[in-house]
Amino acid sequence: MRQNPSFAMTDVVELRRVIDENPWVTIVSAGTDGLVASHYAVLLDDERDDLTIVGHVGRPDDVIHGLGESEMLVVVQGPHGYVSPQWYGDVPAVPTWNYVSVHLSGVPEILAPEENLRVLERLVDRFESGLGAPRGMWAAPNDEDFVRRLERGTVGFRLSPARVEAKRKLSQNRPDAVVDTIIGELEQAATPYADPRLATEMRRAHEAMRAAREDRS
């Protein structure tokens, strides 16, 4: 990912938040037949406070990716969306795309079956928790034989990234008034490009920037 110092994200707390809020990722590896990409959900390792993630792939994706032997790139895609030049005011401008993205690279560690099972259970609990009556992985009609067969069909991994690249391109190079206009347009349901999540991410970033400017003044 081409980096721009003005858009770089380096704060671990913020990076963890982005990963936690956007768990559906793209996994990219250089396979024997060329580049291969897969899509899975991941979680932050609950025993670490860094950017280590845990997840799984279904067999035979472990072989296709060379899991545990080859470097793997995990792309975390945060909120993103189109920004119209109309929102800049009466000035020369072209469209752009605002986005937040985190890239984690390294050689993953393969999890033992019991640890993989724990990660699978965490994944189910994470997403079921948003429902009124969550159904855990071990809940009936699932039985132990079913769950164990499920685990054997997957390969769990832990990735402690050797390289992290993160970018938050959210109109940081625009005046405050223009940024406020963009946020307002993204929040309006009247436009097909409305995206409250992106508006929230922009507001979060720019409030922090404005606070930092006030502290320096």
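Further up the page is the structure itself.
As the structure is a prediction and not an experimental result, all values here were calculated from the model.

About the thresholds
The numbers attached to residues start from 1 for each chain and follow its sequence in the written order. At least 70 in pLDDT is required for a residue's local features to be given in this predicted model, at least 80 for side-chain atom pairs to be given and counted, and no such filter applies to totals for whole chains, interfaces and linings, which use all residues. Excluding hydrogens and water, the side-chain figures rest on all heavy atoms present in the structure. In this text, helices come from DSSP runs of H or I with a minimum length of four residues, and strands from runs of E with a minimum of two, each type numbered from the N-terminal end. When checking whether two residues touch, look at their non-hydrogen atoms; a contact exists if any pair is within 4.5 Å. Axis geometry follows a simple rule: fit a line to the C-alpha atoms, using only the stretch in contact for helices, then measure angles between N-to-C directions, giving values from 0 to 180 degrees. Our angle categories are set so that under 35 degrees counts as roughly parallel, over 145 as roughly antiparallel, 65 to 115 as roughly perpendicular, and the remainder as oblique. Residue polarity follows a fixed list, in which Ala, Val, Leu, Ile, Met, Phe, Trp, Tyr, Cys and Pro are nonpolar, Asp, Glu, Lys and Arg are charged, and the others, Gly among them, are polar.

**Student:** I'm lost on the environment of Val76 in this one. Help?
**Tutor:** Checked against the element boundaries, Val76 lands in strand 4 (residues 72-83). As a C-alpha pair, Val76 and Arg48 span 28 residues in sequence and 19 Å in three-dimensional space. Contacts of Val76, omitting those with residues within four sequence positions, involve Val18, Ile19, Asn22, Val25, Val100, Ser101 and Val102.

**Student:** Would you mind going over the packing of helix 1 (residues 12-21) against helix 6 (residues 196-216) with me for this structure?
**Tutor:** Packing of helix 1 against helix 6 brings their axes to within 14 Å, and their N-to-C directions diverge by 175 degrees. Between helix 1 and helix 6, the angle falls in the class roughly antiparallel. Contacts from Glu14, Arg17, Val18 and Glu21 of helix 1 reach helix 6 at Arg197, Glu201 and Arg204. Looking at the contact of helix 1 with helix 6 residue by residue, the class counts come to one nonpolar, no polar and six charged.

**Student:** Sorry if this is basic, but what is going on with unusual backbone geometry here?
**Tutor:** When glycine is set aside, most residues are seen to have a negative phi, and most peptide bonds are trans. With an omega of 10 degrees, the peptide bond between Arg59 and Pro60 qualifies as cis. Position of Pro60 among the secondary structure elements: in the loop between strand 3 (53-58) and helix 2 (61-65). The phi dihedral of Ser171 is positive, around 65 degrees, even though this residue is not glycine. As for its position among the elements, Ser171 is in the loop between strand 8 (163-169) and helix 5 (176-187).

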